[in-house]
Amino acid sequence: GIPALFNAFNKEGYDIWIYSSKFYSTEYIKALFKRYHVHVTGIVTGTSNRKQLKDEKNSVKELYSRKYVETLHIDNDVVLMIDNKAKDFREYSISGDSNWSKAVLDILEELGK
């Protein structure tokens, strides 16, 4: 489901950022997504987070907020839609059924209406 989900995001023009607090190398994650023929915009891991200084993190957050008015954060059981200008968010639960990626696409379709 995840490669199909990400390919649907690519088709709709979404930028895809992969965030992991684990200390994976970005090369490892790039290779993993390349294996599934999925294009990602960027990768941030525990290793890359650790290298940034506090001031750099703040400037990255500012640039991020300017580029992306709204962002979607997709986790195992929730989709968060964050309005970066208003500093507000909406939370959508992902049902526990076996078709996780379809549940995420259904939430995004509902948001698009």
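Our subject is the structure listed above.
Residues numbered from 1 in each chain as written. Predicted model: local features only at pLDDT ≥ 70, side-chain atom pairs only at ≥ 80, totals over all residues. Heavy atoms only, no water.

Asker: Requested: an account of the sheet that holds strand β3 (residues 70–74), with residues and values cited.
Answerer: Spatially, the three strands line up as an open sheet ordered β3-β4-β5, and their pairing is antiparallel. Every other strand in the sheet has two partners, leaving β3 and β5 (88–93) as the edge strands with one partner each. Strand-to-strand twist of the sheet, defined as the mean angle between neighbouring strand axes without regard to direction, takes the value 15°. In this sheet, β5 lies alongside strand β4 (residues 78–83) in antiparallel orientation, the contact comprising six bridges. What sits directly across from Leu-80, in β5, is Glu-91. (Pairing = 2+ DSSP bridges. Helix = DSSP H or I, 4+ residues; strand = E, 2+ residues; numbered from the N terminus. Axes fitted to C-alpha atoms, helices over the stretch in contact; angles between N-to-C directions.)

Asker: Could you give an account of helix α5 (residues 100–112), naming the residues involved and the relevant values?
Answerer: End to end, α5 covers 19 Å across 13 residues, agreeing with the expected 18 Å (1.5 Å per residue, within 8%). Every buried residue of α5 is accounted for by Ser-101, Ala-103, Val-104, Ile-107 and Leu-108. Buried residues of α5, seen end-on, are gathered within an arc of 160° and therefore sit on one face of the element. Turned more than 90 degrees away from the buried face of α5, the exposed residues are Glu-109, Glu-110 and Gly-112. (Expected span 1.5 Å × (residues − 1). Buried < 20%, exposed > 50% of the residue type's maximum accessible area, 1.4 Å probe, protein only. Arc of directions from axis to C-beta.)

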